[in-house]
Amino acid sequence: MNRPTDPSPAPLNSHELPPPTADGVDVANPEVGSPQQPENLPNSNVSATKQAFKRLYIILIVIGLSIGVVAAIGVVNLLNRWGLTQPPPPVEETNS
């Protein structure tokens, strides 16, 4: 059986490095480039997005703290109602 002079491509589980690239373009095949990357957004859009996320973050923090305060007040009221905040009555020990 004759083996071809051109080796077959490496199997998927080989540990070969990918082909070298320069600025996202394959050096061996320059026609194949990386997909188009989006251009940088203008600073006004970036700052508006940051402000929107900052506002959302603050709103979520306030909502979480409000729920926590309401839950804490409810737990304290239940503990007081059930008498779990009072010290237990003393128990007399008897010698038998």
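One can find the structure itself at the top, above this paragraph.
Let us look at the structure shown here. Note on numbering: residues in each chain are counted from 1, in written sequence order. Local features in this predicted model are restricted to residues whose pLDDT is 70 or higher, and side-chain atom pairs enter the listing and the counts only when it is 80 or higher, whereas totals over whole chains, interfaces and linings include all residues. Side-chain metrics in this entry use all non-hydrogen atoms of the structure; hydrogen atoms and water are not considered.

1. Examining the overall build of the protein
Here is the rule: Going along the chain from the N terminus, every DSSP run of H or I of four or more residues is numbered as a helix, and every run of E of two or more is numbered as a strand. Exposure is judged per residue with a 1.4 Å probe applied to protein chains only, and the accessible area is read against the type maximum: over 50% gives exposed, under 20% gives buried, and values in between give partly exposed.
Along its length, the protein carries one helix and two strands. Written out in order from the N terminus, the α and β elements of the protein read β-β-α. Considering the protein as a whole, with its 96 residues, one finds that 1% of them fall into the buried category.

2. Examining helix α1 (residues 43-81)
The cut-off we apply is this: Helix span is expected to be 1.5 Å times the residue number reduced by one.
Here α1 spans 57 Å end to end across 39 residues, near enough to the 57 Å set by a 1.5 Å rise per residue. Within two residues after α1, Gly83 carries a phi angle of roughly 75 degrees, on the positive side.

3. A few points about a nonpolar patch on the surface
The line we're drawing: Note on patches: the residues involved have over 30% relative accessible area and no salt bridge, like charges join within 9 Å, and the nonpolar side chains Val, Leu, Ile, Met, Phe, Trp and Tyr join within 5 Å. Here the Shrake-Rupley method, with its probe set to 1.4 Å, supplies the accessible areas, and only the displayed protein chains count as covering residues. Any Lys or Arg side-chain nitrogen found within 4 Å of a carboxyl oxygen on Asp or Glu counts as a salt bridge.
There is a patch of nonpolar side chains on the surface, built from Phe53, Leu56, Ile59, Leu60, Ile63 and Ile67 and spanning about 610 Å² of accessible area. Given the relative accessible area of 44%, Ile63 is considered partly exposed.

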